[in-house]
Each structure stands twice: as C-alpha cells, then as structure tokens.
Amino acid sequence: MSRNISDRPCPEIFLELAGKLADSAVPIALKYFRGDIEIDLKSDLSPVTAADREVEAAMRAIINAAFPDHGIFGEEFENEPGNSEYLWVLDPIDGTQSFVTGKPLFGTLIALLQGGSPILGIIDMPALGERWIGASGRQTTFNAKPVWARSCAGLGQAWLYATSPHMFEESDEPSFERLRRNVRRTVYGAECYAYGLVANGTVDLVCEGTMKPYDYMALVAVVQGAGGII
C-alpha cells in the first residue's frame, strides 16, 4: 500500500496557496454559522446559502490573482477552464445540511488536479479548528502532525461511516445494506469529517453515493497520503 499519491512532491507554492484558500473560508463560514441565514434550494433540491457562495467567491478570487491560467471547478459557480494543466476543485461548504442545522461537522474542501489527477487536498473544519492536508510526495497531516490510516483484520472488524443511509440511489441500496450487515458497526452523519478520521486511523471504512467531483476530489490526497485507499 503506497503512502503517497506519487513520488513527485507537490510544489510548496501550491500548498501555501491552498492554505490561504482554507484560511479565507473560515471567517466567512463562521460569520453565518448558527445565525439567521436564508436557505435556498438548487435544481437538485440540495440546500445552498450565502455562505456557500461567499466562500467560493473568495477562494476563486485568490486563485485568479495568483494563477490566472489555472482552471477552477466549483459547486456554486460556472466552471473556469483555464489554460494550464492545473485545475482547482472547490466545495465551499461540504455538508450544508449540517451547516444550516447548527451541526459543526461541515467542511471546506480544496483540491488541486494536475493533468486530471489530484496532487493536493485539504479538508478544513472551520467550526472545529481542524485541518487535514494531503499532497503528492508527502505524508498527510492533521493540524500539522503526520497521521496514518490503520490496518483492519477483516470487514467484520471494520467501523463504517456514511453520511446517511438515504444518500444512495435505489439501485445501490441493496449493496450498501449487504456491506452494513457485514461490518462491526455503522455510524452516520460525519460528512467529509469521516474521511479525515480514516486518515487519522480511527475509522476503517467510508461508503457513500451520489457524490460529485467537488465532494470527493480533496479527499483523495488526504486518504492516500495517509496510506489509505480511495
């Protein structure tokens, strides 16, 4: 099992920029968290708020100022294709349902792809002050300390996380039910936080469905950089 995404370290300049993106999201998210905020519904009936839009707008502005040729793929605005091999993938508030109900398990997800492959990922939890950083050629860190995924003797010993049993397409529900019945314990409701727990070695398995690229691209570098498989 490889601990790193590739042997080529992610350039430090991109790590620094990703950190700035995450830092910019925190005060905006916390300004709205547990406040009186209007909730809109998108075409797929998922909730969206001003916080989602403001966080993504702030991150896009920082990327465009630093690397105007980089592409940007985000949840809330039109894609910016860019003119280079680099593409930033942004989810400003992952877990909006947690966010609007006052639950602190929402995060900001930031990924950088090179030639279509993730080379950097951040899971930032604004309300908890916790951050995972994964990058090619580097060990994943949790609040600046290296972390490792743990070994598991078998499926029957695994702790499984899923955001909700209702997130799967109808055709996938029987598969998830088989999995759920064969693990040690299933826990719900952690959103992107569950993937950080896999990297920390306190959870063995996460299974989810109906996810878009901005929901999972940042998770790839974090989990793989800790020795996990995604």
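For the structure given in this document, a descriptive report is provided here. (Residues numbered from 1 in each chain as written. Predicted model: local features only at pLDDT ≥ 70, side-chain atom pairs only at ≥ 80, totals over all residues. Heavy atoms only, no water.)

Some details on the sheet that holds strand β5 (residues 107-114)
A sheet is described by the order of its strands in space; here seven strands give the open sequence β3-β4-β5-β6-β7-β8-β9, paired in mixed fashion. In this open sheet, the two strands that pair with only one neighbour each are β3 (71-74) and β9 (145-146). The pairing of strand β7 (residues 130-135) with strand β8 (residues 141-142) spans two bridges and is antiparallel. Within β8, the position partnered with Ile133 by the bridge is Thr141. Across the face of the sheet, helix α1 (residues 12-32) comes into contact with β4 (86-94), β5, β6 (117-125) and β7 while running at roughly 30° to β6. Helix α5 (residues 193-200) contacts β6, β7 and β8 of the sheet and is inclined by roughly 65° relative to β7. (Pairing = 2+ DSSP bridges. Helix = DSSP H or I, 4+ residues; strand = E, 2+ residues; numbered from the N terminus. Contact = heavy atoms within 4.5 Å. Axes fitted to C-alpha atoms, helices over the stretch in contact; angles between N-to-C directions.)

A few points about the pattern of salt bridges
Scanning the model with the defined rule gives nine salt bridges in all. Ionic pairing is found between Asp23 and Arg131, a salt bridge with its closest N-O pair at 2.8 Å. Placement of Asp23 in helix α1 and of Arg131 in strand β7 is noted, with a sequence separation of 108 residues between them. For Glu54, the salt bridge is made with Lys31, and the minimal N-O distance between the two is 3.2 Å. Taken together, the residues Glu54 in helix α2 (residues 50-66) and Lys31 in helix α1 connect sequence positions 23 residues apart. Residue class for Glu54 comes out partly exposed when judged on its relative accessible area of 31%. Residue class for Lys31 comes out exposed when judged on its relative accessible area of 54%. Beyond isolated ion pairs, a larger network of salt bridges with shared partners links Asp23, Asp124 and Arg131. (Salt bridge = Lys/Arg side-chain N within 4 Å of Asp/Glu carboxyl O. Buried < 20%, exposed > 50% of the residue type's maximum accessible area, 1.4 Å probe, protein only.)

Focus on the packing of aromatic side chains
All chains considered together, the criterion is met by nine aromatic pairs. Between Phe33 and Phe106, the ring centres sit 4.9 Å apart and the planes meet at 50°, which makes this aromatic pair tilted. Of this pair, Phe33 sits in the loop between α1 and β1 (40-41) while Phe106 sits in the loop between α3 (96-100) and β5; the two residues are 73 residues apart in sequence, bridging distant segments of the chain. Pair check on accessibility: Phe33 and Phe106 agree, each one buried. Among the aromatic side chains, those forming a connected cluster through ring pairs are Phe14, Phe67 and Tyr86. (Phe/Tyr/Trp six-rings, centres within 6.5 Å; stacked < 30°, edge-to-face > 60°.)

Some remarks on a negative patch on the surface
Taken together, the side chains of Glu169, Glu170, Asp172 and Glu173 define an acidic patch exposed on the protein surface. With respect to the element layout, Asp172 can be found in the loop between β10 (159-162) and α4 (173-182). Look at Asp172 and you get partly exposed, because its relative accessible area is 36%. (Patch = residues over 30% accessible without salt bridge, like charges linked within 9 Å, V, L, I, M, F, W, Y side chains within 5 Å. Areas by Shrake-Rupley, 256 points an atom, 1.4 Å probe, with all protein chains shown as cover. Lys, Arg positive; Asp, Glu negative; His and termini not counted. Charge placed at Lys NZ, Arg CZ, Asp CG, Glu CD.)

A short note on α2
Side chains of residues three or four places apart in an α-helix project in the same direction, reflecting 3.6 residues per turn. Look at α2: 25 Å from first C-alpha to last across 17 residues, which is about the 24 Å you get at 1.5 Å a residue. Its buried side turned inward, α2 meets α1, β2 (47-48), β3, β4, α3 and β5. Put simply, Thr49 is the residue that caps the front of α2, since its side-chain oxygen is 3.1 Å from the backbone nitrogen of Ala51. (Expected span 1.5 Å × (residues − 1). Polar contact = N/O pair within 3.5 Å; in protein donor to acceptor, adjacent residues only side chain to side chain.)

Quick look at the nonpolar core
Where a protein is soluble and globular, its nonpolar side chains tend to be buried together. Of all hydrophobic cores here, the largest spans 31 residues; its most connected members are Trp88, Phe99, Ile110 and Leu120. Discounting chain neighbours no more than four positions away, the residues touching Phe99 are Ala29, Tyr32, Phe33, Ile37, Thr49, Ala51, Ile93 and Phe106. Formed by 28 residues, the second largest nonpolar core is a distinct cluster that contains Val89, Leu113, Cys192 and Val206. (Core = buried A, V, L, I, M, F, W, Y, C linked by side-chain atoms within 4.5 Å.)

Here we look at the sheet that holds strand β11 (residues 185-188)
Spatially, three strands are ordered β11-β10-β12 in an open sheet, and the strand pairing comes out parallel. Each having just a single partner strand, β11 and β12 (205-206) make up the two edges of the open sheet. Where β10 and β11 come together, four bridges link them in parallel fashion. Counted as the bridge partner of Trp159 is Arg185 from β11.

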